[in-house]
Amino acid sequence: MRKLLLSCMILLSAGMSAQGIKFGKHYMERSQNARKAVVASEEKAGMRTQRKGGVMLDEASEIQGDYCFRFVYAYNKDKERSSETIYMREKIDGKWSDEKLYDVGRYTYEYDSDGRVTVKDVVYDDGTGWFANYRVMVEYGDGVTSYTKYENYNDGEGYQIVEGWSYYDNGQMASHTYYETKTGHIEQEMRFTPEGYISGIQKDMYKHTYTGSVNDSTIVSYNSEYSEDKGYYFTDPCMTEHYKYDSTGKLLEYCRYEMNGYESYEDDCKYVYSYDSLGRIAKITKYNLGDENSGVVASRAAGEPEWVEDYTETYTYFNDDVYGIGNSWHDVFDFDGPLTSMIVKGSDYSSEMKATRDASGKITAISFKEAPSYGSSPVHEFTIDAAGHITKYTSVTTNDWDPDYRNEFVRDYTWSGENLVRGEYLDKTTDKAGSYESSWTADYSYGPNSFTIIETNHYGTSKTYMEQKGNRFYAYLDDSENALREDRWVNIREVQTEDVKFVRPNVMKDYDGFSTDSTIIVSVAGRVVCLNANDINYDGGYGFTMGIDNKDMFSNIVPEAYFSVSHDGDKTVCKDMEDRPVYILEGDRLIKEYIYFEPSYEVQPGEPNEVKGSAANTAARSETDPQTLYEEVTYHYADNGLPTGRTVVAVDENGSRTEEISIEYKYDPTSGINAPEFSATQGASLNGRTLGIADGGVFCVYDVQGRLLAANTTSYTFATAGVYVITVNGNSFKMSVK
């Protein structure tokens, strides 16, 4: 019944999710767009003091598509980077060419009266190829330091703004902005709270701000205008959405309303959900604007409206049994338990369904009555067998305004024991134009906490699968064999149980803050994440919608930002929505990363590749030209935590490990490969042999052989005296314990 009532109320938000988004492009360069910059997004690694690296990097290499660049660095007397000499090798016909000198970049700096760097300039001898001259300007504010990057392409246009970012004093990224080349208009921008949550996003013609907590968030959208000199700019708030989940992942509230006289095709509405003590749905209340329910409330400039109740759905149960996935009454009929009644009362609609049960709880009869609405008069009949199962359900609707109209919807059910195993469906309509009908079948199967539907109709077959494992609900609907709609729809609802984050190593930075090093937030303990991914979700599937299991949800995360977390010994495995490993961590160190490629298809020369389908099931173009399916990147570290290199292995669609590239980082032996001492300056607090960090910060502890002693902890007591390595937000520090 809820499906019929609420299917017309699906709301897709244009906004981004309030938590967990990774900002920008993937870290690794794809071969088809290797020219683009390396970007990532959520938090800044490291402490907020401006300092040079603890060691001086002599040499590093980077792979970008079919090019390998080797950077050789030099330093001035103050140990500031003064130049980088760049050598290049190119992969031609699968083989790497000899190395040749590519370009030389020269560094200069400007300082303020406190000796802080305010301008960093890098000018290349050529500067017209892969590496453009650039300038980073710094503004030191109250609690926030801002950086703005300009590039000069030697095309006569001078320096043009390309990127901006800022950090709070606690090291957390405060904002990250990309600008359009030539115009300087904002292309996309993310803003963060000091705790690391997204507080705002702007992209193209959309701007949204976020307030609240991880499970209780308000999203405000802004009206956009466009002009040649400003590009897209934003005026008044035009729409607000709010969602709230409880600690078990159940949706408690959703509302959306327009502001300042703006209107859209969506209705202003509010839903409130309540559950009984066993977690079963007890009541759903929908509100609207009453007599003003026109979609426009011009007199309200700001604030939530005074809602008027539209209808309520209330549910009662026979006993305390709870139905979950793997139970036919739950999976086919949407019962959370042995239902005795569902009553809907509304301003223009009402219905009452009652299930009569004997003393054992077995159903003996079901009645379902709907009040006539807009001339329609539905009549419902249920057939119940001796075991208390529904074997047939018929719904016939006529219309007083159109005597020729008649719709008959028939469902025949076949049971095997307590499992409903097959449904046969017929939908037949007769009106003045004639008679037409459609029919289909559904075969149901069950597993431990899982449910599968194979639906067959005139166009082909589709498969729906659902499972509930602990705090994680996973479902997909695959229509790849159905000519009517060939796509795949995935839902995930999960309550995350642990904090997992890490910093991807960036050895090439010189000063902290002058690069957008980032912390990848994989999981936040207690956060409810809801994913709604399918081929028609052009904006990523954000917003209020009905899930595959007919339950309302607010989707608050995009597929690229979702990870499931599992453990393999002392390793933390982070997988994507397709259950493919993406990151493998040891403590807070990234030790392995998998980069998946979209399949490419034959295209005309000079045209961009057309992408279709999933990289997981790509097909070979030919036996002699298999495509790269993924790259496996292994990161290597010294005992004290400093990265010393990485190995990249390409794996093609036939499973062959086609190429291995080793990248080494070389350090100045005079500076040593030693981490700086961890002290109170960095927030350390050592009480006896118990270590903590100011503000309850999370850290990892390693011994000098690089063995992990404690991961992501707020307190650690050393068993013995000695020298240890502490990592905080991706930075490594040495600590001597007596």
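About the cut-offs
Residues numbered from 1 in each chain as written. Predicted model: local features only at pLDDT ≥ 70, side-chain atom pairs only at ≥ 80, totals over all residues. Heavy atoms only, no water. Helix = DSSP H or I, 4+ residues; strand = E, 2+ residues; numbered from the N terminus. Buried < 20%, exposed > 50% of the residue type's maximum accessible area, 1.4 Å probe, protein only. Contact = heavy atoms within 4.5 Å. Areas by Shrake-Rupley, 256 points an atom, 1.4 Å probe, with all protein chains shown as cover. Pairing = 2+ DSSP bridges. Axes fitted to C-alpha atoms, helices over the stretch in contact; angles between N-to-C directions. Phe/Tyr/Trp six-rings, centres within 6.5 Å; stacked < 30°, edge-to-face > 60°. Lys NZ or Arg CZ within 6 Å of the ring centre and 35° of its normal. Core = buried A, V, L, I, M, F, W, Y, C linked by side-chain atoms within 4.5 Å. Salt bridge = Lys/Arg side-chain N within 4 Å of Asp/Glu carboxyl O. Patch = residues over 30% accessible without salt bridge, like charges linked within 9 Å, V, L, I, M, F, W, Y side chains within 5 Å. 1 Å grid on protein atoms, 1.4 Å probe; cavity = no way out; pocket = protein on both sides within 12 Å on 5 of 7 lines; lining within 4 Å. Points joined across faces, edges and corners; volume = space filled by probe spheres on them. Polar contact = N/O pair within 3.5 Å; in protein donor to acceptor, adjacent residues only side chain to side chain. pLDDT = per-residue confidence, 0-100.

1. Remarks on the overall build of the protein
- Check the secondary structure of the protein and you find two helices and 51 strands.
- Each of the 738 residues in the protein was classed as buried or not, and the buried ones make up 50%.
- Sequence separation of 24 or more characterises 45% of the internal contacts of the protein that already satisfy a separation of 6 or more.
- When the accessible surface of the protein is totalled, it reaches about 34,700 Å², and 47% of it is carbon and sulfur.

2. Considering the sheet that holds strand E26 (residues 419–431)
- Sheet architecture is open: ten strands sit in the order E23-E24-E25-E26-E27-E28-E29-E30-E31-E34, paired in antiparallel fashion. Either end of the sheet is taken by a strand with one partner, and the two such strands are strand E23 (376–384) and strand E34 (528–533). Strand after strand, the sheet turns through a mean of 10° between neighbouring axes, direction not considered.
- Of the pairings in the sheet, the one linking strand E27 (residues 434–447) to strand E28 (residues 450–457) comprises seven bridges and is antiparallel in character. Each residue of the ladder has a partner; that of Ser 445, found in E28, is Thr 452.

3. Comments concerning the sheet that holds strand E45 (residues 684–687)
- In space, the three strands of this open sheet follow the order E45-E46-E49, with antiparallel pairing throughout. Taken across any chain shown, the strands that pair with only one partner, and hence form the sheet edges, are E45 and strand E49 (715–717). The sheet shows a mean angle of 20° between the axes of neighbouring strands, taken without regard to direction.
- Pairing geometry for E45 and strand E46 (residues 690–693), over four bridges, is antiparallel.

4. Here's the deal with the pairing of strand E41 (residues 628–637)
- Sheet analysis places strand E40 (residues 589–596) next to E41, joined by five bridges and oriented antiparallel. Bridged to Tyr 596 within E41 is Tyr 630.
- Bridging between E41 and strand E42 (residues 643–652) involves nine bridges; their strand directions are antiparallel. When the bridges of E42 are listed, Tyr 630 appears paired with Val 651.

5. What to know about the pairing of strand E33 (residues 519–523)
- With respect to burial, E33 is a largely interior element, five of its five residues being buried.
- As defined by bridge partners, strand E32 (residues 500–503) adjoins E33 across four bridges and the pair is classed as antiparallel. Of the residues in E33, the one forming a bridge with Val 500 is Ser 523.

6. As for the environment of Thr 658
- By the secondary structure assignment, Thr 658 is in strand E43 (residues 657–664).
- Classification of Thr 658 as partly exposed rests on a relative accessible area of 44%.
- If near-sequence neighbours (up to four positions away) are discounted, Thr 658 is found in contact with Ala 650, Val 651 and Asp 652.

7. Considerations on the packing of aromatic side chains
- Applying the stated criterion to the full structure yields 38 aromatic pairs.
- Taking the centre distance of 5.3 Å and the plane angle of 75° together, the rings of Phe 333 and Tyr 413 count as edge-to-face. Of this pair, Phe 333 sits in the loop between helix H2 (328–331) and strand E20 (339–346) while Tyr 413 sits in strand E25 (residues 402–416), and the two are 80 residues apart along the sequence.
- A relative accessible area of 16% means that Phe 333 is categorised as buried.
- Clustering of aromatic rings is evident, with ring pairs tying together Tyr 67, Phe 69, Phe 71, Tyr 73, Tyr 102, Tyr 124, Trp 130 and Phe 131.
- Between Arg 135 and the ring centre of Tyr 159, over which it is positioned, the NZ or CZ distance is 4.3 Å.
- The side chain of Arg 589 reaches across the aromatic face of Tyr 637, ending 5.6 Å from its centre.

8. Observations concerning the nonpolar core
- If you look at the biggest cluster of nonpolar residues, it comprises 86 residues, and the most contacted ones within it are Tyr 245, Tyr 271, Trp 329, Phe 333, Tyr 413 and Tyr 444.
- Ranked by residues supplied to this core, first place goes to strand E2 (residues 67–75) with four residues.
- Counting residues in each nonpolar core, the second largest holds 23 residues, with Phe 502, Leu 590, Leu 629 and Val 649 among its members.

9. Points about the environment of Ala 74
- Looking at the element boundaries, Ala 74 is found in strand E2.
- Classification of Ala 74 as partly exposed rests on a relative accessible area of 30%.
- Taking the C-alpha atoms as reference, Ala 74 lies 7.0 Å from Asp 58; in sequence the two are 16 residues apart.
- The residues touching Ala 74, leaving out its near neighbours within four places in the chain, are Glu 80, Arg 81, Ser 82 and Ser 83.

10. Re the pattern of salt bridges
- Evaluated as defined, the whole model comprises 32 salt bridges.
- Notably, a salt bridge pairs Glu 304 with Lys 270, separated by 3.7 Å at the nearest N-O pair. Taken as a pair, Glu 304 in the loop between strand E18 (281–288) and strand E19 (308–317) and Lys 270 in strand E17 (residues 269–275) lie far apart in primary sequence, 34 residues in all.
- Judged by relative accessible area, Lys 270 falls into the buried class, the value being 16%.
- Among the salt bridges present, the one from Arg 472 reaches Glu 494, with a minimum N-O distance of 3.6 Å. In this pair, Arg 472 is assigned in strand E30 (residues 472–478) and Glu 494 in strand E31 (residues 488–495), connecting sequence segments 22 residues apart.
- Assessed through its relative accessible area of 19%, Arg 472 is described here as buried.
- Connected through shared salt-bridge partners, Glu 59, Arg 70 and Glu 99 make up one network.

11. Some remarks on a nonpolar patch on the surface
- The grouping of Met 205, Tyr 206, Tyr 226 and Tyr 232 at the surface amounts to a nonpolar patch, some 390 Å² of accessible area in total.
- Structurally, Tyr 232 can be placed in strand E15 (residues 231–245).

12. Thoughts on unusual backbone geometry
- In this model, Lys 182 sits at a positive phi of 80°, which is unusual for a non-glycine residue.
- Inspection of the secondary structure assignment puts Lys 182 in the loop between strand E10 (173–179) and strand E11 (186–192).
- Classification of Lys 182 as exposed rests on a relative accessible area of 54%.
- Phi at Asn 449 takes a positive value of approximately 55°, unusual for a residue other than glycine.
- Position of Asn 449 among the secondary structure elements: in the loop between E27 and E28.
- The exposure class of Asn 449 is partly exposed, given its relative accessible area of 46%.

13. A closer look at empty space enclosed by the protein
- Under the definition given, this model contains three cavities of 30 Å³ or more.
- Lining the second largest cavity are His 330, Asp 331, Asp 334, Asp 336, Met 466, Asp 549 and Lys 551.

14. Section: the environment of Thr 183
- Within the secondary structure, Thr 183 is located in the loop between E10 and E11.
- Owing to a relative accessible area of 43%, Thr 183 belongs among the partly exposed residues under this scheme.
- For the pair Thr 183 and Ile 161, spaced 22 residues apart in the sequence, the C-alpha separation amounts to 8.9 Å.
- There is a polar contact of 3.2 Å between the side chain of Thr 183 and the backbone nitrogen of His 185.

15. Overview of the confidence of the model for the protein
- Averaged over every residue, the pLDDT of the protein is 80; residues scoring 70 or more account for 81%.
- Across residues 1–52 the pLDDT falls below 50, and counting only partners more than four positions away or on other chains, this stretch makes 211 contacts in the model.
- Below a pLDDT of 50 lies the segment residues 293–301, which in the model reaches 25 contacts outside its immediate sequence neighbourhood of four places, other chains included.

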